[in-house]
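Structure assessment
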Amino acid sequence: MLQLSVSGLVPAFVLASPWHLLLLGAASWLLARILAWTYSFCENCSRLRCFPQPPKRNWFLGHLGTIQSNEEGMQLVTEMGKTFRDVHLCWLGPVIPVLRLVDPAFVAPLLHAPALVAPKDMTFLGFLKPWLGDGLFLSSGDKWSRHRRLLTPAFHFDILKPYVKIFNKSVNIMHDKWKRLCLEGSARLEMFENISLMTLDSLQKCLFGFDSNCQESPSEYIAAILELSSLIVKRSQKLLLFVDFFYYLTADGRRFRKACDLVHNFTDAVIRERRRTLSSQGVDEFMKTKAKSKTLDFIDVLLMAKDEHGKELSDEDIRAEADTFMFGGHDTTASALSWILYNLARHPEYQERCRQEVQELLRDRESEEIEWDDLAQLPFLTMCIKESLRLHPPAPDLLRRCTQDIVLPDGKVIPKGSICIISVFGIHHNPSVWSDPEVYDPFRFDPENPQKRSPLAFIPFSAGPRNCIGQTFAMNEMKVALALTLLRFRVLPDHKEPRRKPEVILRAEGGLWLRVEPLSTGNKPSPIDRQQGPQKANRTSCDLGGMRRSCCF
Ligand code: HEM
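Residues numbered from 1 in each chain as written. Predicted model: local features only at pLDDT ≥ 70, side-chain atom pairs only at ≥ 80, totals over all residues. Heavy atoms only, no water.

Counting protein donors around the iron atom of the ligand gives one, Cys468 (SG), at 2.3 Å. Here Cys468 is to be found in the loop between helix H19 (424-428) and helix H20 (471-488). (Donors = N, O, S within 2.8 Å, 3.2 Å for Na, K, Ca; no water. Helix = DSSP H or I, 4+ residues; strand = E, 2+ residues; numbered from the N terminus.)

If you want it as structure tokens, here you go:
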């Protein structure tokens, strides 16, 4: 009786067991979190209401699935660009808002923000971490800025100059292959596959001073890099596999681990071997030997780099940076070159004009070799490269997550925490920025006739503090490859139009197929040339003499 009366007077929780209390505590914490999240979500939604949106599929899916990564998706994005000319909002499901920016003035606050204010969004990029570690591409904060300072000298023109010979050699190997395939007159080739082997070959030579002969016979290391790149794309298409635990249970996850190990072992072995040589020879002797060969590999620059306190990069750091260069430099350049050849195949008049420019340049030479000084003497070819990078940017989207509110030129504010897509493709196809944006017109980049455009209207290599560190390397390689290709081959479109496929890199569904036809004349003027005389290349506003100085990228 007494007990009953007590239990009636004392609050129930006093009598509850510790487990009940723990449960109650956890439930309250969860409820508080849910309330806090709901509050901040609602506040965020109201702040985002000022941004226009295309029609949603429904309240749950939002815009998920409306823009596929295929040709139709690219066309839809182009159409949307006519309506939304600066920024618009999309919902990935009911709770993930993403802002897509397509105007140079609107991307400026993001691209020029300090790296800590608009860091990369790691949702997809995180998949690269086991491969690339804390290399420049993925790192952030102090580590990134220290490494960026240390690595910048690696792209000084003194280092890049001797690489031009390497580019010539790698391109020659690719062309010898093409010539063998063309024995019956012409060959139908898949460009991405051919060209990425060539870019990987060049990179391996410039980075490690290592010739794997990968264009002629299979290389385990190169195969592992190609496999890693394709596994990353495959993973990004399956939501469940975003979770590491599930991914590494799958066969693909295990293949990813194995390929990562193989790539790391290769890089580690090169670093170990170079360190041994450096310490046995000493820096001075090592540099003397290198001076004889006239080439300093990227890995040597990384090994000798020291910050303002005399601190070197660790072996782990060097491995991450070397792997990052291999990743960042092969697919992008291969995509760029493939689309350049495609655009020139569709525009034989521009192709012929580039060819004449190269023939003119090499007219009295013994050998068909593009040299460092020649790179600034190919103004029209450079214009064609740039126009192709505009129409088919190899990296079509850049992802950022804002760590602070960011104010846009029209006064709207991107709330802290938002994911933003800087749409390089969107800017390059924006009709407010480019007239007739779908037309391939190299004269947009005629330095003789400069157009008033924002410096951010053309950003294939991004811009601001996190722009591409390898852009001069890439431009040089593209000029050499394109000049030699047009000198030796006529490039023709395939019977089927390629369907664009934006993955991390802009590709083509089923590959980008073109036909190539060897030209018998090499660097001797073609019959058309002889009829029209050497002055033809100088005929229009693209005057070679005037452009020579200014057209280097
Ligand atoms: C046509 C060829 C190339 C294109 C279009 C290209 C494009 C880009 C773009 C758009 C970015 C910025 C990515 C972002 O902000 O998310 C970037 C960064 C980077 N690229 Fe390239 N790239 C090319 C070639 C290369 C080459 C040849 C190398 C190295 C040899 C390279 C190394 C890097 C690195 C290390 C970064 C990260 C820089 C940093 O965050 O500090 N890229 N590239």
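With that settled, consider the side chain of Ser338. As for its position among the elements, Ser338 is in helix H16 (residues 315-346). For Ser338, a relative accessible area of 0% translates into the label buried. (Buried < 20%, exposed > 50% of the residue type's maximum accessible area, 1.4 Å probe, protein only.)

Glancing now at the sheet that holds strand E8 (residues 489-493). Taken in spatial order, the three strands make up an open sheet running E3-E11-E8, and their pairing is antiparallel. Of all strands in the sheet, those with a lone pairing partner are strand E3 (187-190) and E8, marking the two edges. Neighbour to neighbour, the strand axes of the sheet diverge by 35 degrees on average, direction disregarded. The pairing of E3 with strand E11 (residues 513-518) spans four bridges and is antiparallel. In the sheet register, Glu190 faces E11, and the bridge partner there is Trp513. (Pairing = 2+ DSSP bridges. Axes fitted to C-alpha atoms, helices over the stretch in contact; angles between N-to-C directions.)

For the ligand, the set of nearby residues contains 27 residues, the closest of which are Trp144, Arg148, Arg400, Arg466 and Cys468. Between the ligand and the protein, one listed contact pairs an oxygen atom with a backbone N or O atom of Leu136 at 3.4 Å. Counting only elements with at least two residues in the shell around the ligand, the list comes to helix H8 (141-151), H16, strand E4 (397-401) and H20. With seven residues, H16 is the single largest residue contributor to the shell around the ligand. (Near = heavy atom within 4 Å. Polar contact = N/O pair within 3.5 Å; in protein donor to acceptor, adjacent residues only side chain to side chain.)

What follows concerns the UniProt feature "binding site: heme" (unreviewed entry) in the protein chain. Within the UniProt annotation, "binding site: heme" (unreviewed entry) is assigned to Cys468. For Cys468, a relative accessible area of 32% gives the class partly exposed. Setting aside its immediate chain neighbours within four residues, Cys468 contacts Arg148 and Phe461. (UniProt positions renumbered as here; feature names shortened; annotations may be inferred. Contact = heavy atoms within 4.5 Å.)

Moving on to the environment of Val95. With respect to the helices and strands, the residue Val95 is situated in the loop between strand E1 (87-92) and strand E2 (96-101). Residues Val95 and Cys45, spaced 50 residues apart in sequence, show a C-alpha to C-alpha distance of 9.3 Å. If we ignore the near neighbours within four places in the chain, the residues touching Val95 are Trp37 and Phe41.

This part covers the nonpolar core. Here is a general trend for soluble globular proteins: nonpolar side chains tend to be buried in one another's company. Counting 121 residues, the largest nonpolar core has Trp131, Phe298 and Met478 as the members making the most contacts within it. Not counting the four nearest positions on each side in its chain, Trp131 is found in contact with Ile225, Leu228, Ser229, Phe256, Cys260, Val263, His264, Asp323 and Phe327. Listed in part, the 28 residues of the second largest apolar core include Cys402, Ile414, Ile422 and Ile459. (Core = buried A, V, L, I, M, F, W, Y, C linked by side-chain atoms within 4.5 Å.)

Turning to the packing of aromatic side chains, a few remarks are in order. For the structure shown, the criterion picks out 31 aromatic pairs. Ring geometry for Phe127 against Phe242: centres 5.1 Å apart, planes inclined by 75 degrees, an arrangement best described as edge-to-face. Taken together, the residues Phe127 in the loop between helix H6 (122-125) and helix H7 (129-132) and Phe242 in the loop between helix H12 (220-236) and helix H13 (244-247) connect sequence positions 115 residues apart. Here Phe127 falls in the buried class, since its relative accessible area comes to 5%. Considering the side-chain rings of Phe380 and Phe443, the 5.6 Å spacing of their centres and the 45 degrees angle between planes classify their relative orientation as tilted. Placement of Phe380 in helix H18 (residues 379-391) and of Phe443 in the loop between H19 and H20 is noted, with a sequence separation of 63 residues between them. (Phe/Tyr/Trp six-rings, centres within 6.5 Å; stacked < 30°, edge-to-face > 60°.)

Along the chain, the position of Thr324 falls in helix H16. Spatially, the C-alpha atom of Thr324 lies 5.5 Å from that of Leu132, the residues being 192 residues apart in sequence. Once residues within four sequence positions are removed from consideration, Thr324 is found in contact with Leu132, Gly135, Leu136 and Phe137.

Quick look at the sheet that holds E4 now. An order of E1-E2-E7-E4 is seen for the four strands of this open sheet, with the pairing classed as mixed. Of all the strands in the sheet, the pair left with one neighbour each is E1 and E4. Strand-to-strand twist of the sheet, defined as the mean angle between neighbouring strand axes without regard to direction, takes the value 25 degrees. Alignment of E4 against strand E7 (residues 419-423), held across five bridges, turns out to be antiparallel. If you follow Leu398 over to E7, its bridge partner there is Ile422.

In this structure, E8 lies alongside E11, joined through five bridges in antiparallel fashion. Residue pairing for E11: Val491 is matched across the bridge by Val516.

With that settled, the discussion passes to the pattern of salt bridges. As enumerated under the stated definition, the model contains 38 salt bridges in all. The residue Arg499 makes a salt bridge to Glu72 at a minimum N-O spacing of 2.8 Å. Of this pair, Arg499 sits in the loop between E8 and strand E9 (500-502) while Glu72 sits in helix H4 (residues 71-83); the two residues are 427 residues apart in sequence, bridging distant segments of the chain. Using a relative accessible area of 43% as the deciding quantity, one classes Glu72 as partly exposed. When the shortest N-O distance is used, the salt bridge between Arg146 and Asp307 registers 2.8 Å. Taken together, the residues span a long stretch of sequence, with Arg146 in helix H8 and Asp307 in the loop between helix H15 (298-304) and H16 at a distance of 161 residues. Overlapping salt bridges, with partners in common, bring together Glu273, Arg274, Lys290, Asp297 and Asp300 in one network. (Salt bridge = Lys/Arg side-chain N within 4 Å of Asp/Glu carboxyl O.)

For H12, which comprises 17 residues, the first-to-last C-alpha distance of 24 Å matches the rise-based estimate of 24 Å (1.5 Å per residue) to within 8%. Of the surrounding secondary structure, the elements contacted by the buried residues of H12 are H7, helix H11 (191-208), H13, helix H14 (251-293) and H16. (Expected span 1.5 Å × (residues − 1).)

With that out of the way, let us pick up the packing of H12 against H14. Helix packing geometry: the angle between the two helix axes and the distance between the axes. Packing of H12 against H14 leaves a shortest axis separation of 9 Å and a crossing angle of 140 degrees. Relative to H14, H12 is oriented oblique. Between H12 and H14 the crossing geometry is left-handed. The segment H12 lies against H14, with Glu220, Tyr221, Ala224, Ile225, Glu227, Leu228, Leu231, Ile232 and Lys234 engaging Asp252, Arg255, Phe256, Ala259, Cys260, Leu262, Val263 and Phe266. (Parallel < 35°, antiparallel > 145°, perpendicular 65-115°, else oblique. Left-handed = near helix turned anticlockwise from the far one by under 90°.)

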